[in-house]
Amino acid sequence: MKKYVIFFLYLLFLTSLFSQNKTISLNKLPELTSLSPYNDIFKEYISIVDENYRLSVKGESQLILFFTYTATKDFSKLSQISARTNILYDTIATLNNLDELSENLENKTLILPTVQGLFVSSDPKNNIQIILFEKYKSHFEDEGVLSFNFGDETVYFFPGQRFDSTERAFFADSSMILPVKKDSFYISSRFGKRISPVTGAWKNHNGIDFACNEGTSVMCVKDGTVSYAGFDNIFGNCIIILHNDNKTTSVYAHLNSIKVKKGQKLSKGDVIGLSGNTGQTTGPHLHFEIRSDGVAQNPEQFLPEIN
């Protein structure tokens, strides 16, 4: 019983903090170490969420609190976290500046609120936030609209609001597509350690090799801007695209020809070149990479099923 009293005193402290200046210090927020129904703090969190739902139905004021949660392998998808917490994915996505429904959240620390609605940033950093900013900016100063400061970012809260059908479709369909058509390739090499077919030495293979006929159309996997289009001694004719989160890049190497130029804005599905056999290769294929902040990631985490 004592730990419950201490916990609720802590919640009351946070409530008073919010009522003064609505500045949120992330390192002072209570942490959900688990989304297990047997976890004491999570049980308290769910009880607040449920009570807020009842209050919203009655049109009464809700208790707006924030918790942190670091996503695990078992709860690495937004839909999973939304279902377990009873908080709409629209709410979690907008509060945490998430780019897309299919994003892998494992090891990412999220802020989880106790209320439903949309959190709209005054400084949008991705496409869905830009869309919401344009829609809601004229209401930022409306009477009764709450704002919260998370570090240098101010977000405005619109209780009970959800993505409309267009916003929902955009958010759900912003994942990556395959860089070549489904029936035009087979995987000749996957991500990870391998013996280089060129040097014969063990080394990291930082992408996936799509073996396909020369001249196969290569497509942009997601909206972005061409940051490089030219020749590299190893990659041959190569294209690098910076995507709209400004941290993810996709790399397309060994092309026969390039159909885009540096600085060109692209949409998902645009043909950017034709596959080839340029640079250091042992046969025609597309070498494809995904990098996050310059660090190579396994593309299979981001692409549709390729087997």
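A. Up close: the environment of Ser175. Its location among the elements puts Ser175 in the loop between α6 (165-172) and β8 (186-189). Sequence separation of Ser175 and Phe302 is 127 residues, and the distance between their C-alpha atoms is 7.4 Å.

B. View of the sheet that holds strand β1 (residues 23-24). Here we have 4 strands laid out as an open sheet, ordered β1-β6-β7-β5, and mixed in their pairing. Of all the strands in the sheet, the pair left with one neighbour each is β1 and β5 (117-121). Bridging between β1 and strand β6 (residues 146-150) involves 2 bridges; their strand directions are parallel. Bridged to Ile24 within β6 is Phe150. Where helix α5 (residues 127-136) meets the sheet, its contacts fall on β5 and β7 (153-159), and the angle it forms with β5 comes to roughly 95 degrees.

C. Summary view of the confidence of the model for the protein chain. In this model, the protein chain carries a mean pLDDT of 87, and residues with pLDDT of at least 70 account for 89%. Throughout residues 15-21 the model reports pLDDT below 50, and contacts reaching past four residues in sequence, or to other chains, amount to 9 contacts.

D. Representation of the pattern of salt bridges in the model. For the structure shown, the criterion picks out 11 salt bridges. Asp164 is the salt-bridge partner of Lys135, the closest N and O atoms lying 3.3 Å from each other. Of the two residues, Lys135 sits in helix α5 while Asp164 sits in the loop between β7 and α6, which places them 29 residues apart along the sequence. Relative accessible area serves as the criterion here: at 37%, Lys135 is assigned to the partly exposed category. On the basis of relative accessible area, Asp164 is assigned to the partly exposed category, the value being 31%. Linked by salt bridges that have partners in common, Asp90, Arg162 and Arg168 make up one network.

E. Here's a closer look at the nonpolar core. Grouped together as the largest cluster of nonpolar side chains are 33 residues, with contacts concentrated most on Leu32, Tyr45, Tyr69, Leu78, Ile81 and Leu112. Elements supplying a minimum of two residues to this core: α2 (40-58), β3 (66-70), α3 (78-85), α4 (89-95), β4 (109-113), β5, α5 and β7. Residue contributions to this core peak at 5 residues, all from α2. Leaving out residues up to four positions away in the same chain, Leu112 has contacts with Leu32, Tyr45, Leu65, Phe66, Phe67, Tyr69, Ile81, Thr85 and Ile92. Residues Cys212, Ile239, Ile241 and Phe288 belong to the second largest nonpolar core, which totals 23 residues.

F. View of the packing of α5 against α6. Across the interface, α5 lies against α6 with an axial gap of 10 Å and an inter-helix angle of 165 degrees. The angle between α5 and α6 places the two elements in the roughly antiparallel class. Between α5 and α6 lies a crossing of right-handed hand. Of the residues in α6, those touching α5 at Asn127, Ile128, Ile131, Leu132 and Lys135 are Glu167, Phe170 and Phe171.

G. Region of the structure containing the side chain of Thr248. Turning to its location among the elements, Thr248 is positioned in strand β15 (residues 248-258). Among the residues examined, Thr248 registers a relative accessible area of 10% and is labelled buried. Aside from chain neighbours lying at most four places away, what touches Thr248 is Met176, Ile241, Leu242, His243, Ile290 and Arg291.

Definitions and limits used
Residues numbered from 1 in each chain as written. Predicted model: local features only at pLDDT ≥ 70, side-chain atom pairs only at ≥ 80, totals over all residues. Heavy atoms only, no water. Helix = DSSP H or I, 4+ residues; strand = E, 2+ residues; numbered from the N terminus. Pairing = 2+ DSSP bridges. Contact = heavy atoms within 4.5 Å. Axes fitted to C-alpha atoms, helices over the stretch in contact; angles between N-to-C directions. pLDDT = per-residue confidence, 0-100. Salt bridge = Lys/Arg side-chain N within 4 Å of Asp/Glu carboxyl O. Buried < 20%, exposed > 50% of the residue type's maximum accessible area, 1.4 Å probe, protein only. Core = buried A, V, L, I, M, F, W, Y, C linked by side-chain atoms within 4.5 Å. Parallel < 35°, antiparallel > 145°, perpendicular 65-115°, else oblique. Left-handed = near helix turned anticlockwise from the far one by under 90°.

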